[in-house]
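Geometric and topological summary
So the chains spell out like this:
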Amino acid sequence: MRSVPVAIPEYSATLTSRRARVVTMAKNATPMPDAELAAHIGYRRSVRRYRPASISRDVVERLLTAASSAPSAHNKQPWRFVVLDTFDSRHTLARAMGRKLRLDRTADGDASESIEADIDRSYQRITQAPVAIVLCVDMHDMDHYRDQARNDAEYLMAVQSTAMAGQNLLLAARAEGLGACVMCAPLFCPDVVIESLQLPRQWRAQMLVTIGEPATPAKERPRLPLDQVTQWRSRQ
Ligand SMILES: Cc1cc2nc3c(=O)[nH]c(=O)nc-3n(C[C@H](O)[C@H](O)[C@H](O)COP(=O)(O)O)c2cc1C
């Protein structure tokens, strides 16, 4: 299937004005009937720099409500959220994850300037966002089996459910006029996250989502054409 350009409305980074922009949609695809939803889905971008303006608890609760509206396996809702809405809480996590990253990358034999630059960039991103939310998985209410293969599948379903909550969170943030970005760092050091934030032992961190008013417009990231990632089994 070939791609053709189609104009759909877009919000600017501050969401104060609308303008038309051209994106590629699959040939023959008509625009989604709900233009606002289409704009939120189509123009959501990872925003990594934020203005210092704080976000009210009310807004954060709306984002969490959207996140928990996601589908989940057996409706077990295995997601858990840790809201870091103070500088101290973000500093504590960023410092602890930075120490682990330094250990890991030093063991890999990486150059120390490169390691420190990486740690510093991550620290700045986490601490300068007015809010960061850690999304965790808790397997407590999920099914448990006698064999590893089914336990692995069950864990994967919990992770999938939590990822869906994450996407709801990103779209809800955009609908609130906010930018957001997923950071995978906690996934590489779940025990560090538990210890530094004093979480229940079974909360396995999956991702961190930073949220705030966009300071700069986000970069455009191209997507693969549908025909590279799709196989159809339609009747000819
Ligand atoms: C599972 C996952 C992990 C990600 N981890 C990071 C990260 O650690 N740091 C970062 O800057 N962006 C991260 N991202 C954001 C991606 O880089 C981004 O979604 C991708 O480049 C597409 O850009 P867009 O979100 O602006 O469309 C992550 C996204 C996902 C889904």
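What you see is a predicted model; the values in this text were computed from it and never measured.

Another aspect to go through is the site of the ligand. If you check the shell around the ligand, you find R45, S46, R48, C181, V182, M183, C184, A185, M207, A218 and R221 and nothing else. The element best represented in the shell around the ligand is strand β5 (residues 179-183), accounting for three residues. Within the shell around the ligand, the residues separate by chemical class into seven nonpolar, one polar and three charged.

In terms of residue burial, strand β6 (residues 203-212) counts as a mostly covered element, since nine of its 10 residues are buried. Alignment of strand β4 (residues 131-138) against β6, held across eight bridges, turns out to be antiparallel. Of the residues in β6, the one forming a bridge with V137 is R204. Pairing between β5 and β6: five bridges, direction antiparallel. Its bridge partner lying in β6, V182 is registered against V209.

Below, the discussion takes up the pairing of β4. Within β4, seven of the eight residues are buried, leaving the element largely enclosed by the surrounding structure. With six bridges joining them, strand β3 (residues 79-84) and β4 adopt antiparallel strand pairing. Looking across to β4, one finds that L84 is bridged to A132.

Attention now moves to the packing of helix α2 (residues 57-67) against helix α5 (residues 148-175). Orientation of α2 relative to α5, taken along the N-to-C sense of each, is 140°, at an axis distance of 7 Å. Classified by the angle between their axes, α2 and α5 sit oblique to one another. Seen along the crossing, α2 lies across α5 with a hand that is right-handed. Residues R62, L63, A66 and A67 of α2 form the contact with α5, whose own contacting residues are A165, N168, L169, A172 and A173. Taken together, the residues of the contact of α2 with α5 break down into seven nonpolar, one polar and one charged.

Rules and cut-offs
Residues numbered from 1 in each chain as written. Predicted model: local features only at pLDDT ≥ 70, side-chain atom pairs only at ≥ 80, totals over all residues. Near = placed C-beta within 6 Å. Helix = DSSP H or I, 4+ residues; strand = E, 2+ residues; numbered from the N terminus. Nonpolar A, V, L, I, M, F, W, Y, C, P; charged D, E, K, R; others polar. Buried ≥ 20, exposed ≤ 12 C-beta atoms within 10 Å, placed from the backbone. Pairing = 2+ DSSP bridges. Axes fitted to C-alpha atoms, helices over the stretch in contact; angles between N-to-C directions. Parallel < 35°, antiparallel > 145°, perpendicular 65-115°, else oblique. Left-handed = near helix turned anticlockwise from the far one by under 90°. Contact = placed C-beta atoms within 7 Å.

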